[in-house]
Amino acid sequence: MSELGEVLARARAHGRYSQKDVGAALGVSRVMVSYWESGERTPNDRQLSALARLYSVEPAALIAGSYVEPVDDHLANTLLQHWQGAEGDVVLRVREFVRFLDRFAELAQILDQPVRSLRQSPFAGRQRNSQSDDIRRKAAEVRAHLGLGLAPVADLEPVCEMLGVVAYGASLGPDPHTSPSGAFLRHPAAGLSILTNLDLAHDERRFAVAHGLAHALFHSDETNQVLCWGGGGRESFADAFAGEFLMPSDGVRRFAEAIGLPRRMDDPLDIAQVQHYYRVSWSMALERLRQMNAITRGAHDELLAGEHPAAAVAHPAALEADELVTEPLRRFPRPFLRMLRHAVRTGAISPPTAGSFAGVAIPDIVQVLGQHVSNDEHW
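First things first, this report covers the structure right here in the doc.

Turning to the overall build of the protein chain, a few remarks are in order. Scanning the protein chain for helices and strands turns up 20 helices and four strands. For the protein chain, the proportion of its 379 residues judged to be buried stands at 51%. As displayed, the protein chain offers around 17,600 Å² of accessible surface, 48% of which is attributable to carbon and sulfur atoms.

Glancing now at the sheet that holds strand S3 (residues 191-197). Sheet architecture is open: four strands sit in the order S1-S3-S2-S4, paired in mixed fashion. Two strands close off the open sheet at either side, each with one partner strand: strand S1 (166-170) and strand S4 (225-228). The mean angle between the axes of side-by-side strands here comes to 20°, regardless of whether they run parallel or antiparallel. As defined by bridge partners, strand S2 (residues 182-187) adjoins S4 across four bridges and the pair is classed as antiparallel. Along S4, the bridge assignment pairs Ala 183 with Leu 227.

For helix H13 (residues 268-278), the set of buried residues is Pro 268, Asp 270, Ile 271, Ala 272, Val 274, Gln 275 and Tyr 278. At the N-terminal end of H13, a side-chain oxygen is found 2.9 Å from the backbone nitrogen of Leu 269, two or three residues along, and the residue is Asp 267. Arg 279 sits one or two residues past H13 and shows a positive phi near 55°.

Looking now at the packing of aromatic side chains. On inspection of all chains with the given rule, the structure shows 14 aromatic pairs. Taking the centre distance of 5.9 Å and the plane angle of 65° together, the rings of Tyr 168 and Phe 332 count as edge-to-face. Residue Tyr 168 is found in strand S1, and its partner Phe 332 is found in the loop between helix H17 (316-319) and helix H18 (334-345); the two are separated by 164 residues along the sequence. The class for Tyr 168 is buried, based on a relative accessible area of 3%. Phe 332 gets classed as buried once you look at its relative accessible area, which sits at 3%. In this structure an aromatic cluster arises from ring pairing among Phe 97, Phe 100, Phe 104, Tyr 168, Phe 332 and Phe 336. For the cation-ring pair, Arg 143 lies above Phe 245, with the distance from its terminal atom to the ring centre recorded as 5.3 Å.

With respect to the helices, strands and loops of the structure, Leu 156 is situated in helix H9 (residues 156-163). A sequence separation of 54 residues divides Leu 156 from Ala 210, and the C-alpha atoms of the two residues are 7.7 Å apart. If we ignore the near neighbours within four places in the chain, the residues touching Leu 156 are Arg 206, Val 209, Ala 210, Phe 245 and Leu 246.

For the α-helix, the turn length of 3.6 residues means that residues three or four positions removed from each other point alike. With eight of eleven residues buried, helix H4 (residues 45-55) is to be regarded as a mostly interior element. Looking only at H4, the buried set comprises Gln 47, Leu 48, Ala 50, Leu 51, Ala 52, Arg 53, Leu 54 and Tyr 55. Two or three places before Arg 46, at the opening of H4, Asn 44 has a side-chain oxygen 3.2 Å from that residue's backbone nitrogen. Immediately downstream of H4, the backbone of Ser 56 shows phi near 60°, a positive value.

Turning next to the packing of H18 against helix H20 (residues 362-369). Where H18 meets H20, the closest approach of the two axes is 9 Å, and the angle between their N-to-C directions is 95°. As far as their axial angle goes, H20 and H18 are roughly perpendicular. For the pair H18 and H20, contact is made by Leu 337, Leu 340, Arg 341, Val 344 and Arg 345 and by Ile 365, Val 368 and Leu 369, respectively. For the contact of H18 with H20, the class distribution of residues is six nonpolar, no polar and two charged.

A few words on the pairing of S1. In terms of burial, S1 is a largely internal element, five of the five residues being buried. Here S1 shows no split at all, with Val 166, Tyr 168 and Ala 170 on one side and Ala 167 and Gly 169 on the other all buried. Summarising the sheet, S1 and S3 pair through five bridges and their orientation is parallel. Bridged to Ala 167 within S3 is Ile 194.

Conventions used here
- Residues numbered from 1 in each chain as written.
- Predicted model: local features only at pLDDT ≥ 70, side-chain atom pairs only at ≥ 80, totals over all residues.
- Heavy atoms only, no water.
- Helix = DSSP H or I, 4+ residues; strand = E, 2+ residues; numbered from the N terminus.
- Buried < 20%, exposed > 50% of the residue type's maximum accessible area, 1.4 Å probe, protein only.
- Areas by Shrake-Rupley, 256 points an atom, 1.4 Å probe, with all protein chains shown as cover.
- Pairing = 2+ DSSP bridges.
- Axes fitted to C-alpha atoms, helices over the stretch in contact; angles between N-to-C directions.
- Polar contact = N/O pair within 3.5 Å; in protein donor to acceptor, adjacent residues only side chain to side chain.
- Phe/Tyr/Trp six-rings, centres within 6.5 Å; stacked < 30°, edge-to-face > 60°.
- Lys NZ or Arg CZ within 6 Å of the ring centre and 35° of its normal.
- Contact = heavy atoms within 4.5 Å.
- Parallel < 35°, antiparallel > 145°, perpendicular 65-115°, else oblique.
- Nonpolar A, V, L, I, M, F, W, Y, C, P; charged D, E, K, R; others polar.

Listed below in structure tokens is the structure:
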């Protein structure tokens with residue numbers, strides 16, 4: 001094995017990619033990647049640049065065949081230090097979140113387009129407390145800022161885009177007792193950004209996004225990162241904000257009055273109508289109605305524990321497929337996918353380079369483009 005081949009193999013192993021993964025991302029065969037690593041063939045300069053980007057190392061290190069130092073994981077480590085027991089693939093996913101933000105900013109630089117990101121929240125720095133009235137006012141302020149009124153929010157991704165908050169998804173584990181719902185991070189180039197756990201159910205992910213937005217909008221003046229896990233004042237505030245943002249108290253009351261629901265609900269089918277209208281989980285609908293005194297604590301506990309027809313009815317939001325794509329592209333924010341599509345269509349980067357930017361295979365890049373793109377290299 002040549003010196004360059006050894007470096008390429010070590011860099012691939014550090015990034016936890018298979019030779020097939022690398023070949024798919026660059027638009028070459030697995031055999032070609034094997035040739036590079038054995039020294040039988042040598043990648044050209046553009047291929048080396050794409051490999052460096054994929055492995056998150058300096059191109060000069062690959063070209064010189066020098067030892068590959070691990071990337072600077074300082075930002076990721078500041079998040080992980082609050083997560084006891086984080087290991088393996090989950091650690092890798094958090095680091096990929098930070099590296100994605102780096103690549104997003106790099107892609108914007110290539111296109112000479114600024115990342116339309118929020119650097120300073122217009123809501124940060126204001127006095128806040130955990131009182132329900134204060135949280136209700138803050139959720140109303142954000143809704144008014146976005147022009148949402150009291151209507152349900154069907155999709156939170158456009159909300160993030162309108163606010164300028166970068167939203168990325170990753171698999172962090174399905175157990176809320178051992179895994180966070182996400183994180184908030186102020187990135188030096190990408191601005192206020194949030195990570196959401198894709199292992200959560202659809203409704204839980206929507207709540208996690210709203211929870212992350214609470215940190216970005218109201219806590220970014222006092223911290224650069226928050227891991228959405230455990231208890232504490234910030235987490236309690238973010239939970240309450242997410243509930244009020246997704247199910248505004250005044251909106252729930254107006255909806256209930258408009259369709260003739262009683263002020264105190266004890267019929268599961270009545271509660272299901274509220275749940276379906278706001279596209280939230282059954283448990284969240286029950287909790288919000290309890291907080292509004294629309295149901296008693298006893299009724300809340302009984303309905304949550306019991307098997308009622310309304311609890312088993314899947315509302316439309318739970319059946320919706322992600323608009324753009326499924327795995328692995330659904331983790332990316334739409335502004336990044338649009339920028340990636342524009343970069344390839346205008347010739348700023350090639351499809352294999354786009355694959356290395358996103359860390360995905362050529363067929364997935366074709367899906368982003370919405371048109372046929374050859375896998376053949378024209379480097």
